[in-house]
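# Structural characterization, general
Below are the chains, spelled out letter by letter.
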Amino acid sequence: MSKGLIDLISILDLEPLEVNLFRGNSPKTSWQRVFGGQVIGQAMMAACRTVEGRLPHSLHCYFILPGDPQVPIIYEVERLRDGKSYATRRVTAIQHGNAIFSIMVSFHSDEESAFNHQDKMPDVPPPEKLTAEEISKQPMFQEIFQRMPDFIRRYYESDRPIELRPVELSRYFGERIEDGRIHVWIKTAAKLPDDPALHMCALAYASDFSLLDAVMARYGRTLFDKRMMPASLDHAMWFHRPFRADEWLLYAQDSPSAQGGRGLTRGSIFTTDGTLVASVAQEGSIRERRS
C-alpha cells in the first residue's frame with residue numbers, strides 16, 4: 001500500500017466520539033493552516049456516516065476561520081431532514097471552541113429521469129502526455145519545463161494524496177490566459193476501495209486544489225506568487241454521475257468575475273471518456289500583501 005493511499009484514507013477516516021460527533025486529524029505538513037479540501041472532505045465524510053442508502057448530490061460550505069493543523073478538528077452533525085427521496089445534514093467543524101467551517105450536504109436516492117444532458121469536455125492533451133518525461137520530449141515544452149522553478153515542480157510531483165498534471169504550463173512563466181480557462185488532470189495517488197461515498201469525499205478533498213488559479217491566470221500570475229494572500233471563502237459542489245477518484249479526471253476551470261478583493265471560480269470535472277461527473281463553484285479572497 002502506497003504512502004499516498006495511507007495518507008488519504010487516514011485523513012478521511014474520522015474517529016466517532018458520540019452520536020453525530022466525530023474527530024478528524026491533519027497530516028504532518030509544513031502548512032501553517034489546514035488545507036481547505038481536507039475540511040470539506042472530512043466534514044462530508046462525517047455527514048455520510050449518518051446517512052444510509054443514499055449518496056451526496058450537492059454540498060455548500062463556508063470557511064469561517066483558518067484551521068490549526070496541530071489540533072484535531074471536531075465535526076458536529078445535525079440531522080436536518082430524512083425524507084423519502086432526500087436527506088439533509090449540516091456539519092460544523094470546531095477548533096478551540098470556535099466554529100471554523102460549516103457545510104450543508106444533501107443526499108438523494110437514485111432515480112430515473114426523462115432529462116439527461118451535459119456539456120462537452122474540452123479538447124486537451126491526455127494525462128499520459130503531461131508527465132515530466134513526456135514533456136521533456138516535446139520541443140515546445142522543453143524550455144518551459146527546464147525553467148520551471150523547483151518549488152512549483154515539487155508541488156506537482158510530491159508524494160501527496162492527489163496527483164496533479166496541469167495542462168497550461170506556460171502560465172507559470174507569466175503568460176496570460178485571456179479567458180481564464182485552465183485545465184488540470186487529477187486523481188488520487190493510489191487505488192481506493194470500492195466505496196462510492198469515499199470516492200466522492202476524495203474528489204471533494206481534491207476540488208479545492210488550484211481552483212483560485214483560474215483568477216490569477218487572466219493576469220499572468222499564480223498562487224505561488226509570494227505577493228499574494230489567497231484564501232477560500234465559500235465552496236459549492238454538485239455530483240452528477242458515477243466516477244472513480246483513483247482514475248484520471250479533467251478539472252476544467254475558469255473565472256467569470258473578480259472584484260473587491262474577491263474572485264469567483266468555476267470548475268467542471270470529466271472522466272477521460274468525456275462524462276461530466278461533477279461541477280464546482282468557489283469564491284476566494286484574492287489580495288496582495290501590503291509592503
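Residues numbered from 1 in each chain as written. Predicted model: local features only at pLDDT ≥ 70, side-chain atom pairs only at ≥ 80, totals over all residues. Heavy atoms only, no water.

### A look at the overall build of the protein
Operational definition: Secondary structure elements follow DSSP: runs of H or I of four or more residues count as helices, runs of E of two or more count as strands, with numbering from the N terminus. Only protein chains enter the accessibility calculation, which uses a 1.4 Å probe; a residue is then buried when its area is under 20% of its type maximum, exposed when over 50%, and partly exposed in between. Note that accessible areas follow from Shrake-Rupley with a 1.4 Å probe, and for residues the cover is restricted to the protein chains shown.
Of the regular secondary structure elements, the protein holds 7 helices and 12 strands. Looking at the protein residue by residue over its 291 residues, the buried ones come to 50%. Approximately 15000 Å² of the protein is accessible, and the part contributed by carbon and sulfur atoms is 50%.

### Regarding the state of the cysteines
A covalent bond bridging the sulfur atoms of two cysteines is what the word disulfide describes. Let me state the cut-off plainly: The rule for a disulfide is simple: a pair of cysteine sulfur atoms within 2.5 Å.
Using the criterion set out here, one finds 0 disulfides in the structure. Cysteine Cys 201 shares no disulfide, and the gap to the nearest cysteine sulfur, in Cys 48, comes to 4.2 Å.

### Quick word on the nonpolar core
For clarity, the cut-off: To qualify as a nonpolar core, a set must consist of buried Ala, Val, Leu, Ile, Met, Phe, Trp, Tyr and Cys residues joined through side-chain atoms within 4.5 Å. The source of the domain bounds is an automatic or database domain assignment. Contact definition: two residues touch when any of their heavy atoms are within 4.5 Å.
Ranked by internal contacts, the top residues of the largest apolar core, which has 56 residues, are Leu 59, Tyr 75 and Phe 101. In terms of residues, this core owes the most to one element, helix 6 (residues 196–206), which gives 9 residues. When we break this core down by domain, the ones giving at least three residues each are domain 1 (1–110) and domain 2 (126–290). Ignoring sequence-local partners within four residues, the contact set of Phe 101 consists of Val 39, Ile 40, Ala 43, Cys 61, Tyr 62, Phe 63, Ile 64, Val 91, Thr 92 and Ala 93. Counting 9 residues, the second-largest nonpolar core is a separate cluster that includes Val 124, Trp 248, Leu 250 and Ala 252.

### Quick notes on helix 2 (residues 36–48)
Threshold: Helices are assigned an expected span. That span is 1.5 Å times one less than the residue count.
For helix 2, built from 13 residues, the straight-helix expectation of 18 Å at 1.5 Å per residue is met to within 8% by its first-to-last C-alpha distance of 18 Å. Where burial is concerned, most of helix 2 is hidden: 13 out of the 13 residues are buried.

### Here we look at the pattern of salt bridges
Proximity of charged atoms lets side chains of opposite charge pair with each other. Under the convention used in this document: One speaks of a salt bridge when a side-chain nitrogen belonging to Lys or Arg is within 4 Å of a carboxyl oxygen belonging to Asp or Glu.
The final tally for this structure, using the stated rule, is 12 salt bridges. Between Arg 89 and Asp 82 there is a salt bridge, with its nearest N and O atoms 3.0 Å apart. In this structure Asp 82 comes out as exposed when scored by relative accessible area, which is 52%. A salt bridge links Arg 165 to Glu 163, with the shortest nitrogen-to-oxygen separation between them at 3.9 Å. For Glu 163, a relative accessible area of 26% puts it in the partly exposed group. Three or more residues joined by partner-sharing salt bridges are found here, namely Asp 179, Arg 181, Asp 254 and Arg 266.

### Quick word on the environment of Asn 20
Basically, it comes down to this: For the purposes of these results, a polar contact is taken to be a pair of N or O atoms within 3.5 Å, where, inside protein, one atom must be able to donate a hydrogen and its partner to accept one; residues adjacent in sequence count only when each atom of the pair is a side-chain atom.
Take Asn 20: it is sitting in the loop between strand 1 (15–18) and strand 2 (21–24). Along the primary structure Asn 20 and Glu 76 are separated by 56 residues, whereas in three dimensions their C-alpha atoms are 5.9 Å apart. Residue contacts for Asn 20: discarding those within four places in its chain leaves Thr 50, Tyr 75, Glu 76, Val 77 and Arg 79. Of note is the side chain of Asn 20, whose polar atom sits 2.7 Å from the side chain of Arg 79.

### A few points about the pairing of strand 4 (residues 73–82)
Consecutive residues of a regular strand have side chains that alternate between opposite faces of the sheet. Which entries qualify depends on this criterion: Between any two strands, pairing holds if DSSP finds at least two bridges.
Looking at chain direction, strand 2 and strand 4 are connected through 4 bridges and run antiparallel. The residue bridging Leu 21 from the neighbouring strand is Glu 76, located in strand 4. Where strand 4 lies against strand 5 (residues 86–95), 8 bridges are found, and the strand directions are antiparallel. From the neighbouring strand, Glu 76 faces strand 5, where its bridge partner is Thr 92. Between strand 4 and strand 5, which pair antiparallel and follow one another directly, the connecting turn spans 3 residues.

### Considerations on the packing of aromatic side chains
The way to describe two aromatic rings as a pair is by their centre distance and the angle between their planes. Rules: Working definition: rings of Phe, Tyr and Trp (its six-membered ring) pair if their centres are within 6.5 Å, and the pair is stacked with planes under 30 degrees apart, edge-to-face with planes over 60 apart, and tilted otherwise. By definition, being over a ring means that NZ of Lys or CZ of Arg is both within 6 Å of the ring centre and within 35 degrees of the ring normal.
Going through the model one piece at a time under the given rule, you end up with 5 aromatic pairs. Taken together, the ring pairs in this structure connect Phe 35, Tyr 205 and Phe 209 into an aromatic cluster. Directly above the aromatic system of Trp 248 lies the positively charged group of Lys 187, at a separation of 5.2 Å from the ring centroid.

### Concerning helix 6
In terms of burial, helix 6 is largely enclosed, as 10 of its 11 residues are buried. What helix 6 keeps buried is the set Ala 197, Leu 198, His 199, Met 200, Cys 201, Ala 202, Leu 203, Ala 204, Tyr 205 and Ala 206. For helix 6, the side-chain oxygen to backbone nitrogen distance between the N-cap and Ala 197 is 3.1 Å, and the N-cap itself is Asp 195.

### So, a nonpolar patch on the surface
What counts is decided by this rule: Patch members must show over 30% relative accessible area and no salt bridge, and they are joined within 9 Å when carrying like charges or within 5 Å when they are nonpolar side chains of Val, Leu, Ile, Met, Phe, Trp or Tyr.
Judged by side-chain polarity, Tyr 62, Ile 64 and Leu 65 come together as a nonpolar surface patch covering roughly 310 Å² of accessible area. With respect to the secondary-structure elements, Ile 64 resides in the loop between strand 3 (55–63) and strand 4. The exposure class assigned to Ile 64 is partly exposed, which follows from its relative accessible area of 46%.

### Some remarks on the environment of Ile 73
The residue Ile 73 is located in strand 4 in this model. Judged by relative accessible area, Ile 73 falls into the buried class, the value being 0%. For the pair formed by Ile 73 and Ala 43, sequence separation is 30 residues and the distance between their alpha carbons is 9.7 Å. When sequence neighbours within four positions are dropped, the list of residues in contact with Ile 73 reads Phe 22, Arg 23, Gly 24, Val 34, Gln 38, Val 39, Gln 42, Ala 93, Ile 94, Gln 95 and Ile 100.

Shape descriptors only; they carry no functional weight alone.
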